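Single-letter residue listing:
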Amino acid sequence: MLYLWMKAAHLIAVITLIAGMVTMALGGRLVQPEWRRIARRADYGLASPALIVVWLTGPALAIMANWWSAPWLMAKLVLVLVISGLHGRLSATLRRLDRDGVTTPPALFQRALPVTLLSMAGIVALVIVKPF
C-alpha cells in the first residue's frame, strides 16, 4: 500500500513540475514584467517543490520495485536529468532577467517548451512500455 501512495505522490509531483515548467517557459518568452513574475511564482510555488518530491519519491520507488538494473530506468534517468537541468537554467535565467530588467528573452525560452514536452513524452513512454 505504501508503494501505491508513493507512486501517486510521484505522479502528482511530475504533473505539477511539468505544469510549472511550461508556465516558466511561456512566461520567460514574454517581455511584460507581470508575466515574468507569474513565471517566477510558478517556479517557487510549483516547479521547485515538485522537483524535490520527484527526486525523493522516484529513487524510493525504484528501490521498492527493484528496478535499478533495468535499462529503461537508466534511459528515463537521462531524460529526468535533462528536465532537472533545464529547470535549473530556467529558474536562474528568470531570476537574472527580473534582477537586470532585461526585455529581450534569451533563446533558452524558445527551446525550453519543446525540450520539456519531448522529454516528458519519452519518460512516459519508457515507464509504460518498458521497451528494454
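Q: Honestly, the pattern of salt bridges in this entry has me stumped. Any pointers?
A: Close approach of charged atoms lets side chains of opposite charge pair. According to the stated counting rule, one finds two salt bridges in the structure shown. For Asp100, the salt bridge goes to Arg99, with nearest N and O atoms at 3.1 Å.

Q: I'm lost on the environment of Val53 in this one. Help?
A: Position of Val53 among the secondary structure elements: in helix H2 (residues 33-65). Distance from Val53 to Met6, taken between C-alpha atoms, is 10.0 Å for residues 47 residues apart in sequence. Beyond its immediate stretch of four places on either side in the chain, Val53 contacts Ala9, Ala13 and Gly58.

Q: Can you help me understand helix H3 (residues 71-100) in this one?
A: An α-helical segment advances 3.6 residues per turn. Residues three or four places apart therefore align on the same side. Taking 1.5 Å as the rise per residue, H3 with 30 residues should run 44 Å; its terminal C-alpha atoms sit 44 Å apart, in good agreement. Just downstream of H3 lies Gly101, where phi reads positive at about 70°.

Q: I'm lost on a nonpolar patch on the surface in this one. Help?
A: A cluster of nonpolar side chains, namely Met1, Leu4 and Trp5, defines an oily patch on the protein surface of about 440 Å² accessible area. Within the element layout of this structure, Met1 appears in the segment before helix H1 (2-29). By relative accessible area, Met1 is classed as exposed at 73%.

Q: It is not clear to me how the packing of aromatic side chains should be interpreted in this structure. Could you clarify?
A: For the coordinates displayed, the defined rule picks out one aromatic pair. Geometrically, the ring pair formed by Trp67 and Trp72 is edge-to-face, given 5.2 Å between the ring centres and 70° between the ring planes. Using a relative accessible area of 25% as the deciding quantity, one classes Trp67 as partly exposed.

Q: What's the story with the layout of surface pockets in this structure? I'm lost.
A: Vacant regions in the atomic arrangement are exposed by a probe of water-molecule size rolled over the atoms. In this model, the largest pocket occupies a volume close to 700 Å³. In terms of lining residues, the largest pocket is bounded by 31 residues, among which His10, Val14, Lys76, Ile123 and Val127 are the most central. Looking at the lining of the largest pocket, the elements with two or more residues in it are H1, H2, H3 and helix H4 (108-129). If you tally residues by element for the lining of the largest pocket, the top one is H1, at nine residues. Class assignment for the residues of the lining of the largest pocket results in 25 nonpolar, three polar and three charged.

Q: Would you take a moment to explain the packing of H1 against H3 for this structure?
A: Between two packed helices, what matters for the description is the angle formed by their axes and the separation of those axes. Packing of H1 against H3 leaves a shortest axis separation of 11 Å and a crossing angle of 45°. Taken together, the axes of H1 and H3 are oblique relative to one another. Considering how the two elements wind past one another, H1 and H3 form a crossing that is left-handed. Contacts between H1 and H3 involve His10, Leu17, Ile18, Met21, Met24 and Gly28 from the former and Lys76, Ile83, Leu86, His87, Leu90, Ser91 and Leu94 from the latter. Partitioned by chemical class, the residues of the contact of H1 with H3 number eight nonpolar, four polar and one charged.

Q: It is not clear to me how the packing of H1 against H4 should be interpreted in this structure. Could you clarify?
A: Contact pair H1 / H4: the axes reach a minimum separation of 8 Å and the direction vectors enclose 160°. As judged from the angle between their axes, H1 and H4 are roughly antiparallel. H1 and H4 meet at a crossing whose hand is left-handed. Mapping the contact onto sequence places Ile18, Met21, Val22, Met24, Ala25, Leu26, Gly28 and Arg29 in H1 and Phe109, Gln110, Ala112, Leu113, Thr116, Leu117 and Met120 in H4. In terms of residue class, the contact of H1 with H4 is built from 11 nonpolar, three polar and one charged.

Cut-offs and rules
Residues numbered from 1 in each chain as written. Predicted model: local features only at pLDDT ≥ 70, side-chain atom pairs only at ≥ 80, totals over all residues. Heavy atoms only, no water. Salt bridge = Lys/Arg side-chain N within 4 Å of Asp/Glu carboxyl O. Helix = DSSP H or I, 4+ residues; strand = E, 2+ residues; numbered from the N terminus. Contact = heavy atoms within 4.5 Å. Expected span 1.5 Å × (residues − 1). Patch = residues over 30% accessible without salt bridge, like charges linked within 9 Å, V, L, I, M, F, W, Y side chains within 5 Å. Areas by Shrake-Rupley, 256 points an atom, 1.4 Å probe, with all protein chains shown as cover. Buried < 20%, exposed > 50% of the residue type's maximum accessible area, 1.4 Å probe, protein only. Phe/Tyr/Trp six-rings, centres within 6.5 Å; stacked < 30°, edge-to-face > 60°. 1 Å grid on protein atoms, 1.4 Å probe; cavity = no way out; pocket = protein on both sides within 12 Å on 5 of 7 lines; lining within 4 Å. Points joined across faces, edges and corners; volume = space filled by probe spheres on them. Nonpolar A, V, L, I, M, F, W, Y, C, P; charged D, E, K, R; others polar. Axes fitted to C-alpha atoms, helices over the stretch in contact; angles between N-to-C directions. Parallel < 35°, antiparallel > 145°, perpendicular 65-115°, else oblique. Left-handed = near helix turned anticlockwise from the far one by under 90°.

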